[in-house]
Amino acid sequence: MTNSTERTDTPLIDAFGRQITYVRVSVTDRCDLRCNYCMPEKMRFLPRKDLLTLEELEQLIMTFIGRGARRVRLTGGEPLVRKGIDTLIARLGEQVASGALEEITLTTNGTQLARHARSLAQAGIKRLNVSLDTLDPHKFHEITRRDALLDVLRGIDAAQAEGIRIKLNTVALKDVNEDELPDMIAWAHGRGHDMTLIEIMPMGAVDADRYDQYLPLSQVRNNLEKHWTLQPLSMRTGGPARYVEVEETGGRLGFITPLTQNFCDGCNRVRLTCTGQLYMCLGQEDRCDLRAVLREQGPEAIASALDKAIAQKPKGHDFTIRRQSQKPAVPRTMSATGG
Ligand code: SAM
Ligand code: SF4
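Just so it is clear, the structure is predicted and the values come from calculations on it, not from any experiment.

Moving on: the site of ligand 1. As a structural note, the neighbourhood of ligand 1 is formed by 20 residues, with Tyr37, Gly77, Thr108, Ser131 and Met201 the closest of them. Between ligand 1 and Tyr37 there is a distance of 3.0 Å, counted from an oxygen atom to a side-chain nitrogen or oxygen. For ligand 1, a nitrogen atom lies 3.3 Å from a polar atom in the side chain of Glu78. Compared with its free state, where it exposes 550 Å², ligand 1 has 95% of that area covered by protein. Looking at the shell around ligand 1, the elements that each hand over two or more residues are strand S3 (103-108), strand S5 (165-171) and helix H11 (334-337).

What follows is the structure in structure tokens.
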């Protein structure tokens, strides 16, 4: 395996002049929750042989770092249920320590966080996104089909105690957590956590009807503005979030609105799935099979495969959400692509 992250290669720049500096990696499609907007109760997971080994994942991530990626986010499925994940994180942490990488971070549902918090902090992780849609145990069960709210809250506390900054990711769900959002924001900000609200995206077939769950964030924002002063912040991450500061709480609140706002112009990211499929856009089907390249042609073939793939990064996504159309706009689930 190569550990070299020397910048001997050219940066990855797409046909629209966007440089790829951010890679999201789904390390597993498995999960210990079953959020009803994300996967069906009887989710069929991939056979293990289809998954990249941790060594293959590391090799691909190192190639991206060598081509100018500055940030890596591990996600899933639930990244903390993948066996050996702490080792991969520690290895990537070494890249941060050496300056080859600016940041390694994680999106997690938090259920396993309490027992991983120390090793994440030791690996140099400074920030985590923890997904949490409600603080009510009954609603938590309704949404995730599991009783794990206390584990998540313990995990958040453990990570914070290790000095890791937490941002909560909350999917806005019509008639489910809609009324609770102001309390959740106040709770999060009161504990020093940022929070980002996410609009539901039509990805993957699930048991529920997404149209019934869809709550436009424009509506949420209007409601919040009746009680609070939201000061737009200029910060951008190259991603879809727009941020405000809530004057009354002093905390930061993000809005991710893929359906009502186009966020593609400054897109600096690609997504690698746990089977080595490289998706150039969350909302499009074009992909490059890096597992096949790696296993059939060897590591030397990856550089040119990447060049070809990035040249095809589409200008933008075309998500739409329609009643009737039970077919999702994108057939793969968020857990397969890495949210
Ligand atoms: N299991 C981890 C977690 O929940 O944080 C990481 C993977 S999860 C797919 C990443 C994020 O995607 C979570 O915040 C989740 O709420 C969000 N998500 C999943 N399906 C979604 C959908 N259809 N629309 C919008 N967000 C979704
Ligand atoms: Fe699991 Fe995350 Fe999907 Fe929920 S959103 S089912 S925690 S992968």
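From this point, things continue past the structure.
A separate point is the confidence of the model for the chain. Per-residue confidence for the chain gives a mean pLDDT of 89, with 86% of residues at or over 70. Of the regions scoring below 50 in pLDDT, residues 1-7 engages in 21 contacts with residues more than four places distant in sequence or in other chains.

As a matter of local geometry, ligand 2 sits amid eight residues, with Cys31, Leu33, Cys35, Cys38 and Asn109 nearest to it. Residues belonging to the shell around ligand 2 are distributed by class as follows: five nonpolar, three polar and no charged.

Those residues of helix H6 (residues 181-190) that sit buried are Leu181, Met184, Ile185, Ala188 and His189. Seen from one end, H6 has its buried residues packed into an arc of 125 degrees, which puts them on one side. Of the exposed residues in H6, those oriented more than 90 degrees away from the buried face are Asp183 and Gly190. Following H6 by one or two positions, Gly192 has its phi on the positive side, about 85 degrees.

It is worth spelling out the pattern of salt bridges at this point. By the definition in use, this model includes 16 salt bridges. Across the pair Lys139 and Glu180 runs a salt bridge whose closest N-O atoms are separated by 3.9 Å. With Lys139 in helix H4 (residues 137-144) and Glu180 in the loop between S5 and H6, the pair connects residues that are 41 residues apart, well separated along the chain. By relative accessible area, which is 11% here, Glu180 ends up buried. One salt bridge in this structure joins Asp157 and Arg191, with 2.7 Å as the shortest N-O distance. With a gap of 34 residues between them, Asp157 in helix H5 (residues 149-161) and Arg191 in the loop between H6 and strand S6 (194-198) connect regions that are remote in the sequence. Through salt bridges with shared partners, one network takes in Arg71, Glu103 and Arg127.

How each quantity is defined
- Residues numbered from 1 in each chain as written.
- Chains lettered and ligands numbered in written order.
- Predicted model: local features only at pLDDT ≥ 70, side-chain atom pairs only at ≥ 80, totals over all residues.
- Heavy atoms only, no water.
- Near = heavy atom within 4 Å.
- Polar contact = N/O pair within 3.5 Å; in protein donor to acceptor, adjacent residues only side chain to side chain.
- Areas by Shrake-Rupley, 256 points an atom, 1.4 Å probe, with all protein chains shown as cover.
- Helix = DSSP H or I, 4+ residues; strand = E, 2+ residues; numbered from the N terminus.
- pLDDT = per-residue confidence, 0-100.
- Contact = heavy atoms within 4.5 Å.
- Nonpolar A, V, L, I, M, F, W, Y, C, P; charged D, E, K, R; others polar.
- Buried < 20%, exposed > 50% of the residue type's maximum accessible area, 1.4 Å probe, protein only.
- Arc of directions from axis to C-beta.
- Salt bridge = Lys/Arg side-chain N within 4 Å of Asp/Glu carboxyl O.

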